[in-house]
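Residue-level structural notes
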Amino acid sequence: MEVGNQKPNINVEVHVKSHSTAKLSDVRMHVLALLNCHRLIFGNYKWTEFDEDVLKKHVESVAVVDAENEPIDFQSCSLSIHIFTLNEDGPSTLSLEDDEELSAANHWLLPAAEFHGIWESLVYESGVKTQLLDYITTTMYFSDKNVNSNLISWNRVVLLHGPPGTGKTSLCKALAQKLSIRLSSRYSYGQFVEINSHSLFSKWFSESGKLVTKMFQKIQQLIDDKDAIVFVLIDEVESLTAARNACQAGTEPSDAIRVVNSLLTQLDQIKRHSNVVILTTSNVTEKIDLAFVDRADIKQYIGPPSEEGIYNIYLSCLEELMKCQIIYPRQQLFTMFELEMMGFAESEVSEHSLILRGIARKSHGLSGRALRKLPFLAHALFVKTPTVTLERFLVAMDHAVNKQRAEKADLVNGV
Amino acid sequence: FMSTKRAQEEGCVNVVFPGTVTQEGCCRFVSEILKCILYQRQQLPMTYDQLVYSQRKRQASMQVMSRRPVQSADMDWRKCQQTLQELEEVLQQLEVLFSLSRVPRVLLLMGGSLVLPKELYEINMEGLVLAGGDHCLRVSSCLRQLFRTLFVADLLSDSRPVHLMPTTVLVQAHRDCGIGWFRPKLQFKVPTRVKNQIIALSTDSNTCKELRAKGSDWQDYVWFQAPMTIKGFRN
């Protein structure tokens, strides 16, 4: 970084079309020209239509991202322009045994088309996402500068924990995607490896430890490519580490203990490399092995969404339904931020938004997964016509929320 | 002539043609090498031409017979049909590509992923001098020389059984050639963690004094990836 570079940094993500063969330097030049035409914008902004031919031909979108909700003057900011294309190939599998179709891990090239849009779809308390991003960017920066981790303790193991259905796994994928775009000038490849922890327990007694070692040998091969940044996701780590406790209690064969021990040692091995980020998720925090929790530096609780979060989730769902013309005709809905600016004043234009806010308030306590399902349920159970007006759909959503809450109450009473 | 052992260790076979070749000739070389590698690396149970022949015969006999063939044979037949269709499509598109751009390099990635394939083969044609039809070597005699060298070098044989794995074709072509079927992969870099077996085709500099391409001429050549993989099959 230059000395005296104190200007606020603005991130601009440029999504280049997958069939484009334009030189990155050309794209960059045209994007800068576009930004120059717009002196001042307010918060995040995304361009998807362009007047200029080169941009029209090669660029899908230009987006100012992860900015505060305040005016941005491009002249007084330093711009980081991240240019990327999505990889459209699906996941490939890392198989361990040559003679067995045992796939121990799924493997994506980042940025992947499959992960596109997840980041935007996840809504959390203010700052959770950007904080995580900043955390990891800083660790990458520290490792780039060779900061001695014995003096200042930091590592690249992230643990996301919280109740089920809050999008922890999705957040891991989104984070990896985001970082691979952000760090594209530093690493030319991003790779995402999702480990199927259950496949590590071999059907052959005493072979499990070996499987873990083999898998990490494969991952090590990926890490050896210093041009690549490698994200390793271990979902639901508690299932692994719980095994060790069960083992000590004598309810599980001692083979399981070897899996966990060898996993922990291997993690210690690979986390030394500066181009690795280890992402883990857990539904419960108490049950995880202390030895593991201790290894994670960045621990983040991911709770159920707040009222504002719920509102924004619903908003994005309704926008999608209007885009697909299932809700027709299109009507204006405000963001929570805009509603706040208007002081939640009732008027003809804010009527629908305020009804939606009421529904969001009522939905508090439902998981993120349930919330994203709700518009579907509303349509299936209470709409029953191909197209529907926004008014009628909001009524249907209200019914659906009531039904969900009743079902949830039944489940709780049942236990 | 490189000795067999050396060729295997270094993973490189040089085929030096005693004259210029045509662009269509290059396309044929690539097609034939692709078919050969798929067969030699046990992704096809017979050579491509044998398969096409037996498939045609089968089709003709099926039209005569009204009875439906037994289930398992039916499955085999469909798998074979699918592989042949995939391969045929790739071959056709290669022809289109060669008509639009010079192709200095072709990669065949087998198994694993784009970054870490199980096997990697490169056809390098940077050293070929191309010319128009009349003064060029005949394609058939070039192919004879090519395959003689390949078999002597024994680059492709392996006594161990090889597993079925998808084959991805990557080609280097001019960035503005306008090919639509192949997808640009501007960020792609040739994997270095796996042994790259190179078949390098070139024109003898003694017999041919014509201008040959310099390294800087390839600056605007970028990687393109076939949008589908060829999945082999077994009987």
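Residues numbered from 1 in each chain as written. Chains lettered and ligands numbered in written order. Predicted model: local features only at pLDDT ≥ 70, side-chain atom pairs only at ≥ 80, totals over all residues. Heavy atoms only, no water.

1. Some details on the packing of aromatic side chains
What counts here: Stacked, tilted and edge-to-face are the three classes assigned to paired rings of Phe, Tyr and Trp, where Trp is represented by its six-membered ring and a pair needs centres within 6.5 Å; plane angles under 30 degrees give stacked, over 60 edge-to-face, the rest tilted. Three labels apply to residues, based on accessible area from a 1.4 Å probe with only protein chains included: buried if under 20% of the type maximum, exposed if over 50%, partly exposed otherwise in between.
Under the defined criterion, the tally for this structure stands at 10 aromatic pairs over all chains. Between Trp108 of chain A and Phe115 of chain A the ring centres are 5.1 Å apart and the planes differ by 50°, which places this aromatic pair in the tilted class. Judged by its relative accessible area of 2%, Phe115 of chain A is buried. With 5.0 Å between their ring centres and 85° between their planes, Trp181 of chain B and Phe182 of chain B make a pair best called edge-to-face.

2. Notes on the interface of chain A and chain B
What counts is decided by this rule: In what follows, residue pairs with any heavy atoms lying within 4.5 Å of each other are defined as contacts. Accessible surface is computed with a 1.4 Å probe, and the buried area is the amount of it that two parts give up when combined, taken over both parts together. Salt-bridge detection follows one rule: a side-chain nitrogen of Lys or Arg within 4 Å of a carboxyl oxygen of Asp or Glu. Distance and chemistry together define a polar contact, namely a pair of N or O atoms within 3.5 Å, with one atom able to donate a hydrogen and the other to accept it when in protein, and with adjacent residues in sequence counting only for side-chain atoms on both sides. Elements are defined by DSSP. Helices are runs of H or I of four residues or more, strands are runs of E of two residues or more, and each kind is numbered from the N terminus. Note on residue classes: Ala, Val, Leu, Ile, Met, Phe, Trp, Tyr, Cys and Pro are nonpolar, Asp, Glu, Lys and Arg are charged, and everything else, Gly too, is polar.
In this complex, chain A contributes 25 residues to the contact, which on the side of chain B involves 20 residues. Summed over both sides, the interface between chain A and chain B buries roughly 1800 Å², with carbon and sulfur atoms accounting for 50% of that surface. At the surface where chain A touches chain B, the tally comes to 5 salt bridges. A salt bridge links Lys185 of chain B to Asp89 of chain A; its shortest N-O distance comes to 3.3 Å. If you look at where chain A meets chain B, you find 8 residue pairs in polar contact (both at pLDDT 80 or more). Elements with a contribution of two residues or more to the side of chain A that touches chain B: β7 (92-95), β8 (103-110), β10 (189-195) and α6 (208-223) of chain A. Sort the elements by how many residues they give to the side of chain A that touches chain B and α6 of chain A lands first, with 3 residues. Partitioning the side of chain A that touches chain B into residue classes produces 5 nonpolar, 11 polar and 9 charged.

3. Quick notes on the domain arrangement of chain A
Note the threshold: The domain boundaries here were taken from an automatic or database domain assignment.
Per the domain assignment, the segments making up chain A are domain 1 (9-84), domain 2 (92-301) and domain 3 (307-414). Its C-alpha centre places domain 1 of chain A at a distance of 32 Å from the equivalent point of domain 3 of chain A.

4. Re a negative patch on the surface
Residue and element names in this part refer to chain A. Formally: Patch building starts from residues that exceed 30% relative accessible area and form no salt bridge, then joins like charges within 9 Å and nonpolar side chains (Val, Leu, Ile, Met, Phe, Trp, Tyr) within 5 Å. Residue exposure ignores everything except the shown protein chains as possible cover, and the areas themselves are Shrake-Rupley values with a 1.4 Å probe. For the purpose of charge, His is not counted, nor are the chain termini; Lys and Arg are scored as positive and Asp and Glu as negative. To locate a charge, take NZ of a lysine, CZ of an arginine, CG of an aspartate or CD of a glutamate.
A grouping of Glu346, Glu348, Glu351 and Glu391 is seen on the molecular surface, where their side chains present a negatively charged patch. Within the secondary structure, Glu351 sits in helix α12 (residues 351-362). Under the relative-accessibility criterion, Glu351 is labelled partly exposed at 42%.

5. Observations regarding the pattern of salt bridges
Across all of its chains, the model carries 21 salt bridges over all chains by this definition. For Lys178 of chain A, the salt bridge goes to Asp66 of chain A, with nearest N and O atoms at 3.3 Å. In this pair, Lys178 of chain A sits in helix α5 (residues 168-182) while Asp66 of chain A sits in the loop between β4 (59-65) and β5 (71-73), placing the two residues 112 residues apart along the sequence. When its relative accessible area of 26% is taken as the criterion, Asp66 of chain A is described as partly exposed. Ionic pairing is found between Glu32 of chain B and Lys35 of chain B, a salt bridge with its closest N-O pair at 3.2 Å.

6. Observations concerning the confidence of the model for chain B
Which entries qualify depends on this criterion: Values of pLDDT, ranging from 0 to 100, describe the predictor's confidence in every residue of the model.
On average, residues of chain B score 87 in pLDDT, and 89% of them are at 70 or above. Among the scores for the predicted complex, ipTM is 0.80 and pTM is 0.84.

7. A look at helix α8 (residues 255-270) of chain A
Our working definition: The span you would expect from a helix comes to 1.5 Å times its residue count less one.
End to end, α8 of chain A covers 23 Å across 16 residues, agreeing with the expected 22 Å (1.5 Å per residue, within 8%). Asp255, Ala256, Val259, Val260, Ser262, Leu263, Leu264, Gln266, Leu267 and Ile270 of chain A are the residues of α8 of chain A that are buried.

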